[in-house]
Amino acid sequence: TTAAPTTTATATTAAPTTTATTTTAAPTTTATTTTAAPTTAATTTIAAPTTTTTTTTAAATTTAEASNDDSCRWAKDDMCDEPIFCSAGTDCTDCGNCNGGSTTTTTTTRPRQPVASGNDNSCASSMNGICEDGGACEAGTDCTDCANCGTFTGTTTNVPGSTTTLSTTIPPPGPAPGTLPPLPPTPAPTPTPTGAQLKFPRSVDVAEGRFDLDFDVVPITSPLDATDRFYTRGYVANNGGLGAPVGPIMRVHPGDTIRLRLNNRLQYPNPNCDDNPIVQEVSIAGFGSFTMEEQNHICYLNTTNLHTHGLHVSSKPGQDDVFTDVKPGTSTEYDIEVPEDHMGGTHWYHPHHHHATAVQAGGGAAGMIVVKDREGALPPAYAEMEEVPFFMQLVDLLHMRTLAAHGSDALFRPRGNQNFVIVNGQYQPTHALNEGQWYRFRMVFAAVERGARLEIDGTNGAQCEMQLLAKDGVYLHEMPRKIESAAFFSGARADIAVRCSCPAAGGCAAMIRSNGRHARAVRATETATTTQAFTGDILELLVSRTGRMDPDLPKVRVNRPCYLADLRNAVVPDANKHDLNVQPGMLWDGRPMQGFNFRHSPRTPPIADVPVGQVHEWYVHEQTRHPMHLHINHYQIQNMGGNEDRGDNFYEPGDWHDTFLERVGTITVRLQTDRFVGNMVVHCHILEHEDEGMMGYFDVVGQEGTRWSGARQLDSTCYMEAGGVGYTLL
């Protein structure tokens, strides 16, 4: 609840009274603000701000305390200490303006603060209290010590002129979050050394019972600048000691139930969208300047949930329900039932709370899911292949810092502007291979926006071949397929068999790198800095000379579960043929969904009702810019806008995806709405776009468990139960 606005604020260290006060004592049954857990009575956890506006050249009017009471542990507004917080275990005596004192709190509205004289362009790019870029005022301005920047919670502004007054309310702090973990120590100012041996996250066999997944604060250091230390969110407590936000690998067998307890160990404050509009000063020639306020779509950054990206499971509460709210300081149990006929494959999980997905998943909170193949599903050459999990995360510091600032984030505040890729939480590691041996690379690419085109560069002596087995967790209809490079974008996966030879005695090496070529179309209004693919080295393969040479992989067609039967010859009812335009509003047959941009609360109505247990055909537009991701059910590519023959066989008609991006124009896809009724979410998998509302959902209606009867007519080898796995050598 939120108390009505007041015009005063009382600060005290004494025991609580029956009036509205701020105190560290146990909560009363009246409306109070407290650091203790709320009672069952109607207590106020975050009071409304006052409406008083004061222009001052000083910082906030918070009074320093006289004794140590750990009050600065959540100082988010005034950059206390380095880089964000007062040191754990200190009070406000030496950073009294942090607005985080647990016994001294002043609710106030602080305007933009003027300089006395001189240059009138102070702090022209002040953003959320951070002057210019990462803490330094703009060169040549009056804001030499950043004292005049003011502090804006939830507001991004580029109002020129330090004498311009722009009032932004700052709510009082919520309950104290507990001691943040210490930031890593500051080493010598050199980049993190590359070449460390690749490590692997802890594996969890879900068949062993319920396990904990802790969503928590993770202190990290930029691999490109060892002095750039900051906080993000992730699953560091569960990954086996990697010291990175990536989560454990969940290993699942068809028929298993994933039983986990998601513990949200983050705390308040947790600003919402309505309290943090984006305010900009706009100047138009001939019309003058005016202030524009727009809806903020980045918010609730400390509320989370869990999405099992790629799994063919129910979207009901307690399973893959992305409308679940796991609020700060709470836990939720999941029981995700994996069908017995689920195909083996590579998938992943990440938070999917609307308006917070980009900051949470883009900050590193994600992990791999491996659904194991049933015995006999693959020929021995494939089944016995050594597996190497590569969980790749592209981190764009500048873009992420901007998104976090929009959401008034107290955590993600790096100084750097670089982007880089980490693998299993490591920057440019190495991995040792034996010459001539086949390895199965399970590859997941997690990113907010940018993509990559991966190739294996043999300039260091090794010659490696790549054979594609599966994409987005679904085997090709005929495998393997020889490829020269692999396209990755936000949410994409690929299983690739790799074999390297080493002509030089003593060993050689090859580099997995992104060559910068990517298929996302670019609008004229977009810039290269926001749309181009990542270019650079990712991981080095160290190949030992053994003289071994495994035989070529046999050509094979695996038996498929009937929900993945080849639909290229299916007859689709006209009533199930539709146009889907992946853009703001999610046009369905030319009509925008109700509400235009999706909102989590109150939830926007569904795009349409679609019947369960049937086959559907969609003509998908705008996926050249916006990767289309569909929850629960995969879709099969039927054609690619007449661009099938492009000299690149990574994509071919008949391939299955749950996320797709390629510059091929309008594509035609088919899918089954197999057995599960309820929400089937679709959205752009540029996560910032999804948070901004480029998302919707279908209501799959009918009888739960209904299967499409035409599947076995198309493929007599497909199966609907635990048995039926097998393969045919071609």
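Please refer to the structure placed before this passage.
Asker: It is not clear to me how the packing of aromatic side chains should be interpreted in this structure. Could you clarify?
Answerer: Two numbers describe a pair of aromatic rings. These are the distance of the centres and the angle of the planes. Per the stated rule, a full pass over the model turns up 13 aromatic pairs. Each ring, one from W588 and one from W618, has its centre 5.5 Å from the other, and the planes form 85°; the classification is edge-to-face. Of this pair, W588 sits in strand β31 (residues 587-588) while W618 sits in strand β33 (residues 615-621), placing them 30 residues apart in sequence. Members of the aromatic cluster, connected to one another through ring pairs, are F215, Y235 and Y349. Over the ring of F650 we find K471; its NZ or CZ atom is 5.0 Å from the centre of that ring.

Asker: Could you clarify how one ought to interpret the nonpolar core in this entry?
Answerer: Nonpolar side chains tend toward joint burial in soluble globular proteins. In terms of nonpolar packing, the biggest core is built from 96 residues, with F441 and W618 touching the most fellow members. In terms of residue count, strand β26 (residues 493-501) provides more of this core than any other element does, five residues in total. Beyond its immediate sequence surroundings of up to four residues, F441 is in contact with V388, F390, L433, A494, D495, I496, V498, I512 and L541. With 27 residues, the next largest nonpolar core counts L183, L213, V252 and L266 among its residues.

Asker: What is the right way to look at the state of the cysteines in this model?
Answerer: By definition, a disulfide links the sulfur atoms of two cysteine residues through a covalent bond. According to the stated counting rule, one finds four disulfides in the structure shown. Note on cysteine connectivity: C273 is disulfide-linked to C299, with sulfurs 1.7 Å apart. Taking the torsion about the S-S bond as the criterion, the C273 to C299 disulfide, at about -45°, is left-handed. Note that C273 is positioned in the loop between β9 (257-264) and β10 (278-284) and C299 in the loop between β11 (288-294) and β12 (307-309), a separation of 26 residues in sequence. Residue pairing for C464: its cysteine sulfur links by disulfide to C500, the two sulfurs lying 2.0 Å apart. Handedness of the C464-C500 disulfide follows from its S-S torsion of about 105°: it is right-handed. One end of the pair, C464, is in strand β22 (residues 463-471); the other, C500, is in strand β26, with 36 residues separating them in the sequence. A relative accessible area of 1% places C500 in the buried class.

Asker: Would you explain the sheet that holds β31 in this entry?
Answerer: What holds strands together in a sheet is hydrogen bonding between their backbones, with the strands either parallel or antiparallel. The six strands are arranged β31-β30-β33-β38-β35-β36 in an open sheet whose pairing can be described as mixed. Strands at the two margins of the open sheet, each flanked by one partner only, are β31 and β36 (656-657).

Asker: Help me out: how do you make sense of the pattern of salt bridges in this one?
Answerer: When the charged atoms of two side chains with opposite charge come close together, those side chains can pair. For the coordinates displayed, the defined rule picks out 35 salt bridges. As a salt-bridge pair, R557 and E478 come within 3.0 Å of each other at their nearest N and O atoms. One end of the pair, R557, is in strand β29 (residues 556-558); the other, E478, is in the loop between β23 (474-475) and β24 (481-483), and 79 residues separate them in sequence. A relative accessible area of 36% places R557 in the partly exposed class. Taking the relative accessible area as the measure of exposure, E478 reaches 38% and is therefore partly exposed. Of the charged contacts, one joins D537 and R513 as a salt bridge, the two residues approaching to 2.7 Å between their closest N and O atoms.

Asker: Would you explain the sheet that holds strand β32 (residues 609-611) in this entry?
Answerer: Spatial strand order, β32-β40-β39-β34-β37: five strands in an open sheet with mixed pairing. Since the sheet does not close on itself, it has two edges, and those belong to β32 and β37 (659-660), each with one partner. Pairing of β32 with strand β40 (residues 695-701) involves three bridges; the strand directions are parallel. Across the sheet, the residue bridging to D609 is D699, located in β40.

The rules we used
Residues numbered from 1 in each chain as written. Predicted model: local features only at pLDDT ≥ 70, side-chain atom pairs only at ≥ 80, totals over all residues. Heavy atoms only, no water. Phe/Tyr/Trp six-rings, centres within 6.5 Å; stacked < 30°, edge-to-face > 60°. Helix = DSSP H or I, 4+ residues; strand = E, 2+ residues; numbered from the N terminus. Lys NZ or Arg CZ within 6 Å of the ring centre and 35° of its normal. Core = buried A, V, L, I, M, F, W, Y, C linked by side-chain atoms within 4.5 Å. Buried < 20%, exposed > 50% of the residue type's maximum accessible area, 1.4 Å probe, protein only. Contact = heavy atoms within 4.5 Å. Disulfide = S-S within 2.5 Å. Pairing = 2+ DSSP bridges. Salt bridge = Lys/Arg side-chain N within 4 Å of Asp/Glu carboxyl O.

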